[in-house]
Amino acid sequence: MISTTLIWILLLYFSMWFVINTIAKNAGLIDIAWGLGFVLLAITQYFKYQSKVGIILVVMVGIWGLRLAIHIAKRNIGKAEDHRYQQFRKDWGKHYFIRSIFQIYFLQATLMLIVSLTFLDGIRNGSIVSKLGLVIGLIIYSIGLYFEVVSDFQMTRFKRNHQNKGKLMREGLWAISRHPNYFGEATLWLGVALVSLSLGSNGFALVGSATIYYLIRFLSGVPLMEKRQKEYQEFSEYEKEVPIFFPKLKGGNKK
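What counts, and where the lines are drawn
- Residues numbered from 1 in each chain as written.
- Predicted model: local features only at pLDDT ≥ 70, side-chain atom pairs only at ≥ 80, totals over all residues.
- Heavy atoms only, no water.
- Helix = DSSP H or I, 4+ residues; strand = E, 2+ residues; numbered from the N terminus.
- Buried < 20%, exposed > 50% of the residue type's maximum accessible area, 1.4 Å probe, protein only.
- Contact = heavy atoms within 4.5 Å.
- Salt bridge = Lys/Arg side-chain N within 4 Å of Asp/Glu carboxyl O.
- Patch = residues over 30% accessible without salt bridge, like charges linked within 9 Å, V, L, I, M, F, W, Y side chains within 5 Å.
- Areas by Shrake-Rupley, 256 points an atom, 1.4 Å probe, with all protein chains shown as cover.
- Expected span 1.5 Å × (residues − 1).
- Phe/Tyr/Trp six-rings, centres within 6.5 Å; stacked < 30°, edge-to-face > 60°.

Colleague: For this particular structure, what's the right way to read the side chain of D121?
Modeller: Along the chain, D121 turns up in helix α6 (residues 120-124). When its relative accessible area of 5% is taken as the criterion, D121 is described as buried. Excluding residues within four positions of it along the chain, D121 makes contact with G200, S201 and N202.

Colleague: It is not clear to me how the pattern of salt bridges should be interpreted in this structure. Could you clarify?
Modeller: When the charged atoms of two side chains with opposite charge come close together, those side chains can pair. Under the defined criterion, the tally for this structure stands at nine salt bridges. The salt bridge involving R84 is made with D82; its shortest N-O contact spans 2.8 Å. The shortest N-O distance in the salt bridge between R170 and E237 comes to 3.8 Å. Pair noted here: R170 is in the loop between α7 (131-160) and α8 (180-198) and E237 is in helix α11 (residues 235-241), with a separation of 67 residues, a long-range link. The exposure class assigned to E237 is partly exposed, which follows from its relative accessible area of 42%. Three or more residues are tied together by salt bridges with common partners; here these are D31, D82 and R84.

Colleague: Explanation requested: a nonpolar patch on the surface in the structure shown.
Modeller: Together, I55, V59 and I63 make up an exposed nonpolar region whose accessible area comes to about 220 Å². With respect to the helices and strands, the residue I55 is situated in helix α3 (residues 55-76).

Colleague: Mind showing me how you'd approach helix α9 (residues 204-219) here?
Modeller: In an α-helix, one turn spans 3.6 residues; hence positions three or four apart end up facing the same way. Helix length check: α9, at 16 residues, gives a terminal C-alpha distance of 21 Å against a target of 22 Å (1.5 Å per residue), a fit within 8%. The set of residues buried in α9 consists of A205, G208, S209, T211, I212, L215, I216 and R217. Residues of α9 that are buried sit in contact with α2 (30-49), α5 (96-115), α8 and α10 (222-229).

Colleague: Which parts of the structure should I look at to understand the packing of aromatic side chains?
Modeller: Working definition: an aromatic ring pair is given by the centre-to-centre distance plus the angle between the planes. In total, this model carries 23 aromatic pairs according to the counting rule given. An angle of 70° between the planes, with centres 5.5 Å apart, marks the rings of F38 and W64 as edge-to-face. Pair noted here: F38 is in helix α2 and W64 is in helix α3, with a separation of 26 residues, a long-range link. The exposure class assigned to W64 is buried, which follows from its relative accessible area of 1%. On the numbers, 5.0 Å between centres and 75° between planes, the contact of W64 with W189 is edge-to-face. In this pair, W64 sits in helix α3 while W189 sits in helix α8, placing the two residues 125 residues apart along the sequence.

What follows is the structure in structure tokens.
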């Protein structure tokens, strides 16, 4: 299912980013590699099998991955290293470089391979086995992409306003979910999985989708942001009014 070629490509890809980040002295740049890595895998798989309908998944992954990479690049390039990686440097001390290879770069490569199960088999197959499944998958993907793109835009606009310094973002989609960007991410990948299944993929497509949901909901995404949000005075009220992940249907601020 996951070819040796794809594994070697990812090892070389993340090794390249290790060199780049070491030279730049900014491990936070690895976040740019996340979206681009999936695009690389999707394109590689497509050219290997050249499935006419597989291009649907390539485009879906490409739109998500390129958009995310550009968004993170604008946020990180030229800025100080993200606090998470600064903390790693402090915690790991003299063992930082060795540990970072395995716990930052190769770990991401492994997770990327697992999540890519969402689309790899679908790209390989050559026919649509369920038109209804394809349509439903595209709709769910579009909803997820909307939440992710719009919430990121709203947050960026909010932070650019100096009057909001020290304030908690509670407008737009952030008024109906405390983490609408992560909700969008999980929803988007479910859509990719359903499209992949509609193209004849096996059930491992759902394993990839479930993995990204678990990662962002319970490990790396929501928990870390919740910890940062709790530093704001308004958080206790925000926590009572707005659900942590799945959006509430009514009562949101439309700004």
